[in-house]
Amino acid sequence: MSTAIYSHPDCLRHDMGDWHPESPDRLKAIDDQLILARLEGLVERRLAPLAEVPALLRNHTEGALALVRDHLPAEGEFYPLDSDTILCHASYQAALRAAGAAVAATDAVVKGELANAFCSVRPPGHHARPGEPMGFCLFNNVAIAARHALEAHGLERVAIVDFDVHHGNGTAESFRDDPRVLMASFFQHPFYPYTDPEPVTATCVNIPVPARSGGDVVRQLVREHWLPALHAHRPQMIFISAGFDAHRDDDMGGMALVEADYAWITREVMAVAREHAGGRIVSCLEGGYDLSALGRSVVAHLKVLADLD
């Protein structure tokens, strides 16, 4: 079995304005670094299909879909859903591709076609709440994929690991009362989206950390909090909200991780997946706004996923 990257040119067409940090250049930077790292040809490429509406409705309300689908502006114009979440004419199509990548990757991994997969897609997803988009995110790609694994494939337990610098509030809300889903994350606090950290429970291990936290802090909390919870939960599949904006070069956040930290986290998650889930992992791009750091960090993440590190 192999590792695959799911993406689609439609993900480049989502445009929130030249000033916006969540830009199409993010995916181009990843592709450039994949070429520089000579990973092209070593990792399979697959085109993301369009997500079907019933898959979206497993996690989102009809109203949340309508906010995106029914407010698309004319070509060249913009429609703000909030101050930093903006629609262009192609946004709904791009969001369907992003969610579709996560669903298709889940299908391929569960069926044993792939060992694991990385979805190089945008818009990102982990801030998207069940009832509304927010924080650059239209639909919650990882939550949709986790729901698909549970409902379409009959899995009984899954885990979501989120290492974005921002709290994945939409994902946490989606699974707040679902004992089948463990969410484990760290996030800079206080920081956007300025939600209060949830109490730590057997299925909610979201750990706030202060600004300027580096790899030593993150590795310790992974060992002390994430890993015991993951082993206790025994997930049959693991999903990763792979945000790379906790990198020390990324001025959208204030943390201090480097590529080696992302590789280490990935190895630890893979070890859990091998023990409990037959190695099954689907990773979806979230944040990461310094283009060079983003591309380098994705390469580090992918090398571990593909056993090339």
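Higher on the page you've got the structure.
Worth saying up front: this structure is predicted, and the values here are computed from it rather than measured.

Here the focus is the environment of Asp196. In this fold, Asp196 is placed in the loop between β7 (181-188) and β8 (204-209). On a C-alpha basis, the gap between Asp196 and His167 in space is 9.7 Å, while along the polypeptide they are 29 residues apart.

Another aspect to go through is the packing of aromatic side chains. Inspection of the entire model under this criterion finds seven aromatic pairs. Centre to centre, the rings of Phe163 and Tyr262 are 5.4 Å apart; their planes meet at 45°, and the pair counts as tilted. Of this pair, Phe163 sits in the loop between β6 (158-162) and α7 (169-174) while Tyr262 sits in helix α9 (residues 259-276), placing them 99 residues apart in sequence. A network of ring pairs unites the aromatic residues Phe163, Phe244 and Tyr262 as a single cluster.

Burial along strand β5 (residues 116-119) is two-sided: Asn116 and Phe118 and Ala117 and Cys119, pointing in opposite directions, are all buried. Inspection of the sheet shows β5 paired to strand β10 (residues 281-285) by four bridges, in the parallel sense. If you follow Cys119 over to β10, its bridge partner there is Cys284.

Within the structure shown, the criterion is met by 22 salt bridges. Here Arg45 and Asp31 are joined by a salt bridge, their closest N and O atoms 2.9 Å apart. Residue Arg45 is located in strand β2 (residues 44-47), and its partner Asp31 is located in helix α2 (residues 25-36); the two are separated by 14 residues in the primary sequence. Under the relative-accessibility criterion, Arg45 is labelled partly exposed at 37%. As a salt-bridge pair, Glu259 and Arg296 come within 2.5 Å of each other at their nearest N and O atoms. Taken together, the residues span a long stretch of sequence, with Glu259 in helix α9 and Arg296 in helix α10 (residues 291-305) at a distance of 37 residues. Overall, Arg296 belongs to the partly exposed group, its relative accessible area being 25%. Through salt bridges with shared partners, one network takes in Arg147, Glu151, Asp178 and Arg180.

Right, let's talk about helix α4 (residues 62-69) for a bit. An α-helix turns once every 3.6 residues. As a result, residues three or four positions apart point the same way. Taken residue by residue, α4 has Ala64, Leu65, Ala66 and Val68 as its buried positions. Looking at the buried positions of α4, the neighbouring elements they touch are α3 (53-57), β3 (79-82), β4 (85-87) and α5 (91-110).

The next point concerns the side chain of His301. Of note, His301 is situated in helix α10. In this structure the side chain of His301 is engaged in a polar contact, spanning 2.8 Å, whose partner is the side chain of Ser283.

The subject of this paragraph is the packing of α2 against α10. Packing of α2 against α10 brings their axes to within 8 Å, and their N-to-C directions diverge by 55°. The angle between α2 and α10 falls in the class oblique. As for how α2 packs across α10, the hand of that crossing is right-handed. Taking contact as the criterion, the partners of Asp25, Arg26, Ala29, Ile30, Gln33 and Leu34 in α2 are, on α10, Leu291, Ser292, Leu294, Gly295, Arg296, Val298, Val299 and Leu302.

Conventions used here
Residues numbered from 1 in each chain as written. Predicted model: local features only at pLDDT ≥ 70, side-chain atom pairs only at ≥ 80, totals over all residues. Heavy atoms only, no water. Helix = DSSP H or I, 4+ residues; strand = E, 2+ residues; numbered from the N terminus. Phe/Tyr/Trp six-rings, centres within 6.5 Å; stacked < 30°, edge-to-face > 60°. Buried < 20%, exposed > 50% of the residue type's maximum accessible area, 1.4 Å probe, protein only. Pairing = 2+ DSSP bridges. Salt bridge = Lys/Arg side-chain N within 4 Å of Asp/Glu carboxyl O. Contact = heavy atoms within 4.5 Å. Polar contact = N/O pair within 3.5 Å; in protein donor to acceptor, adjacent residues only side chain to side chain. Axes fitted to C-alpha atoms, helices over the stretch in contact; angles between N-to-C directions. Parallel < 35°, antiparallel > 145°, perpendicular 65-115°, else oblique. Left-handed = near helix turned anticlockwise from the far one by under 90°.

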